[in-house]
Amino acid sequence: MEAKSAAKKSKNSSPGAITSSNAFYYSVLESIEDYAVFTTDKDGLVNSWNTGAEHLLGYSEKEIMNQNCAILFTDADVETSQHIHELQSALKRGSAIDERFHVHKNGSRFWGSGKVFPLYDNHKQHIGFTKIMRNLTDRQRAEERLQKARHYAESIVESAVEPIIMLNEDLTINTMNKAFFDHYNIKKKKVFDTPFAALANGGFNTPEFKALLKELKSGPGYVYSKELTHEFKQRGKRILIINGRKLHPDVNMSLLMLSVQDITEQRALEQQKDDFISIASHEIRTPLTVIKATAQLLYHRFHTLENGAVGKSAAKIDEKADKLLTLIHYLLDASQIARGELMMKPELFSITDLVIESIDEMMLINPGLTIISKGKIKNKVWGDRFRISQVLNNLLNNAVKYSPRDKDIIVSVTKNKNGGNLIVSVQDFGIGIPKQEQKNLFKRFWRASTARQKDISGIGLGLHISSQIIEKHNGKLWFISDKNKGSTFKFSIPLKAVSI
Ligand code: ADP
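Residues numbered from 1 in each chain as written. Predicted model: local features only at pLDDT ≥ 70, side-chain atom pairs only at ≥ 80, totals over all residues. Heavy atoms only, no water.

Enquirer: What is the right way to look at the nonpolar core in this model?
Expert: If you look at soluble globular proteins, the nonpolar side chains tend to sit buried side by side. Ile351, Ile409, Leu422 and Phe491 are the most contacted members of the largest nonpolar core, which has 45 residues in total. Contributions of two or more residues to this core are made by helix H12 (309–338), helix H13 (351–365), helix H14 (385–401), strand S14 (409–415), strand S15 (421–428), helix H16 (462–472), strand S16 (476–482) and strand S17 (486–494). When residues in this core are grouped by element, the largest group, seven residues, is from H14. The contacts of Phe491, once residues within four sequence positions are left out, are Ile388, Val391, Leu392, Leu395, Leu422, Ile423, Val424, Ile470, Lys476, Leu477 and Trp478. (Core = buried A, V, L, I, M, F, W, Y, C linked by side-chain atoms within 4.5 Å. Buried < 20%, exposed > 50% of the residue type's maximum accessible area, 1.4 Å probe, protein only. Helix = DSSP H or I, 4+ residues; strand = E, 2+ residues; numbered from the N terminus. Contact = heavy atoms within 4.5 Å.)

Encoded structure:
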């Protein structure tokens, strides 16, 4: 409805209706289409109705005029006279909240929120009421959804096996889950709003924890898998893994969420497993070396005899003993890495010579294989020649194992752009590694599904060891790979002699 027609209509309207002198205000009310604004007389009969009311409640001004506003209420509310109570309350208190389900002309319900005010004439005589209302159904639904989502998130946190604690910004405790209570033996449940520093007899009040919380609060807002070894008064020395995040559940509020996982027992088990692997490998290596030496002896004595069966068997034993020894060395290396004891014995050597040597060896044991060698560099490298050859052999061996025999393998030796690093790359055109699995490639004992499905033998240690060796040389090992297209593994190490 336009302001002009509103002004025209209001000339004939009853007391309390908006008069022509109020045309300006009326035009303002008409323009706020998101709000229903209407007036009633003292008995609740509608006597003016803006466009917003038409949108929200479905009735045109003509249809609703002189109707009792009760038709906008639900039957249940009319039965309990809510429409009358609301007006009486507005009259008594100067205003009344009008927040309830309302009924649209088409019978549908919506959640309307607004206020009712009494209207007075110039002589302060009560002449009726005005109502201002808005459809808040969407907001109410959004709030319900938010409530459900909050409840869902809370139940996940509550039932999580990791001990989780939420801190307020002033580092007092907001909440903690059952696992936290149980694991850190926190008895009294009245810990909320008390300082985190006082928790567990001050067990968490350490410089490391303080630094971590500072990082979380004013740093990037997250802490990822931070390991702390911590001496608790009652529980002794514990190894903790901490993940933290700064959350903003509200615009004016932030919380610090900490998951404090105790991995002491898990570490001890891993240690036991590593110790076992290390002891068993040492124990197996000695007799295996003897078996190998004896097989070689037998071979030399018998391979020239006419019936070469003994010689052939001895050679077979030697070959298999070699395979077993390689495996044992892998296991020993892996446990040395776990204990941080993998040592390098650096020397100055020619990388180009080493690459050629490794390629020749690989072609010798794999007849029919083509390895194309590209580029060479004159510089000598400061590093552990034996360990770098181990990396090269691992990459070459994998390239052979994980690609069809008729596909070439390309090995190149180059320098990076500024000439400071040597880069060796081994490219194959084989089965590749699925993208979603690539992040795991350097984990120990990890093997890709492509390798397992094709039943290609391996134990998933070579790349783990190689990456550690390259890291020890202050270098980097990386790869690009596409399933069924192939892989390129590269490593770079500084050419300048650095201590390793
Ligand atoms: P292994 O080959 O003994 O299993 P590695 O540590 O050398 O152990 O390699 C780990 C895994 O990475 C392999 O099992 C395989 O799934 C994958 N992989 C390594 N190199 C390649 C390659 N060139 N092509 C395809 N997959 C590879």
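Enquirer: So what exactly am I meant to see when it comes to the site of the ligand here?
Expert: As a structural note, the neighbourhood of the ligand is formed by 21 residues, with Asn398, Tyr402, Arg447, Ala448 and Leu463 the closest of them. Within the side chain of Arg447, an N or O atom sits 2.6 Å from an oxygen atom of the ligand. Gly460 has a polar backbone atom sitting 3.1 Å from an oxygen atom of the ligand. In isolation the ligand offers 530 Å² of accessible surface; the protein chains occlude 97% of this area. Contributions of two or more residues to the shell around the ligand are made by H14, H16 and S17. Class assignment of the residues belonging to the shell around the ligand gives a composition of eleven nonpolar, seven polar and three charged. (Near = heavy atom within 4 Å. Polar contact = N/O pair within 3.5 Å; in protein donor to acceptor, adjacent residues only side chain to side chain. Areas by Shrake-Rupley, 256 points an atom, 1.4 Å probe, with all protein chains shown as cover. Nonpolar A, V, L, I, M, F, W, Y, C, P; charged D, E, K, R; others polar.)

Enquirer: Explain the pairing of strand S1 (residues 36–41) here, please?
Expert: Looking down a regular strand, the side chains alternate between one sheet face and the other. Buried residues dominate S1, accounting for six of its six residues. Every second residue of S1 is oriented toward a common face, with Ala36, Phe38 and Thr40 on one face and Val37, Thr39 and Asp41 on the other, all of them buried. In this sheet, strand S5 (residues 126–135) lies alongside S1 in antiparallel orientation, the contact comprising six bridges. Residue pairing across strands places Thr39 opposite Thr130, the latter belonging to S5. (Pairing = 2+ DSSP bridges.)

Enquirer: Before we go on, may I ask you to explain helix H6 (residues 82–93) in this structure?
Expert: Two residues of an α-helix separated by three or four positions point the same way, owing to the 3.6 residues in each turn. Taking 1.5 Å per residue as the helical rise, H6 with its twelve residues ought to reach 16 Å, and the 16 Å between its terminal C-alpha atoms agrees with that figure. Among all positions in H6, only His83, Glu86, Leu87, Ser89 and Ala90 are buried. All buried residues of H6 fall inside an arc of 165 degrees around its axis, so they share one side. Taken together, the buried residues of H6 touch helix H5 (75–79), strand S3 (96–103), strand S4 (109–120) and S5. Two residues or fewer past H6, Gly94 is found with a positive phi of approximately 95 degrees. (Expected span 1.5 Å × (residues − 1). Arc of directions from axis to C-beta.)

Enquirer: Would you mind going over the side chain of Asp262 with me for this structure?
Expert: Within the secondary structure, Asp262 is located in strand S10 (residues 253–262). Overall, the relative accessible area of 14% leaves Asp262 in the buried class. In terms of polar contacts, Asp262 uses its side chain to reach the side chain of Arg238, at 2.8 Å. Among all residues touching Asp262, those that are not within four sequence positions of it are His183, Tyr184, Arg235, Arg238, Ile239 and Leu240.

Structural measurements only, silent on function.
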